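# Working through the structure, step by step
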Amino acid sequence: QVQLVESGGGLVQPGGSLRLSCAASGITFSIYSMEWYRQAPGKQRELVATITSGGNTNYADSVKGRFTISRDSAKNTVSLQIDSLTPGDTAVYYCVVRGFVSTYWGQGTQVTVSS
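All of these numbers come straight from a predicted model, not from anything done at the bench.

Conventions used here
Residues numbered from 1 in each chain as written. Predicted model: local features only at pLDDT ≥ 70, side-chain atom pairs only at ≥ 80, totals over all residues. Heavy atoms only, no water. Helix = DSSP H or I, 4+ residues; strand = E, 2+ residues; numbered from the N terminus. Buried < 20%, exposed > 50% of the residue type's maximum accessible area, 1.4 Å probe, protein only. Contact = heavy atoms within 4.5 Å. Polar contact = N/O pair within 3.5 Å; in protein donor to acceptor, adjacent residues only side chain to side chain. Core = buried A, V, L, I, M, F, W, Y, C linked by side-chain atoms within 4.5 Å.

Turning our attention to the environment of Arg-19. Along the chain, Arg-19 falls in strand S3 (residues 18–25). By relative accessible area, Arg-19 is classed as partly exposed at 44%. Put simply, Arg-19 and Ser-7 are 12 residues apart on the chain and 8.6 Å apart in space, counted from C-alpha to C-alpha. Setting aside its immediate chain neighbours within four residues, Arg-19 contacts Ser-7, Gly-8, Ser-70, Ser-79, Leu-80 and Gln-81. At 3.4 Å, the side chain of Arg-19 and the side chain of Gln-81 are in polar contact.

A few words on the nonpolar core. Note on soluble globular proteins: their nonpolar side chains tend to be buried together. Counting 29 residues, the largest nonpolar core has Phe-29, Trp-36, Val-78, Leu-80 and Tyr-93 as the members making the most contacts within it. For this core, the elements supplying multiple residues, two or more each, are S3, strand S4 (33–39), strand S5 (46–51), strand S7 (67–72), strand S8 (77–82), strand S9 (91–98) and strand S11 (109–113). Not counting residues up to four positions away in its chain, the partners in contact with Tyr-93 are Glu-6, Leu-20, Trp-36, Tyr-37, Arg-38, Phe-67, Leu-80, Ile-82, Gly-108, Thr-109 and Val-111.

Shown next as structure tokens:
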């Protein structure tokens, strides 16, 4: 069974930082591309960051310079460092792994940015 568990979300003030983590079981991250999505109420789901098995990263224009995706193959985790948070970053953040035949989603972790 494949399970992805996100953690690290919470309530932070504008300008603050969070580090989201995703731990996997039943699948090895190192050979797959990993993604972070987010979805806010009333908005479409947005792909915010991707890291390939080779370590190449891509970011949505809305988060470039503020978000950093990374992975630790030894720990089978992927992280998203979020800096300079704004209220527009408020959303549920999901970890996603795209396997060769299936795509797996975590349950999400809530990030709320408010003063």
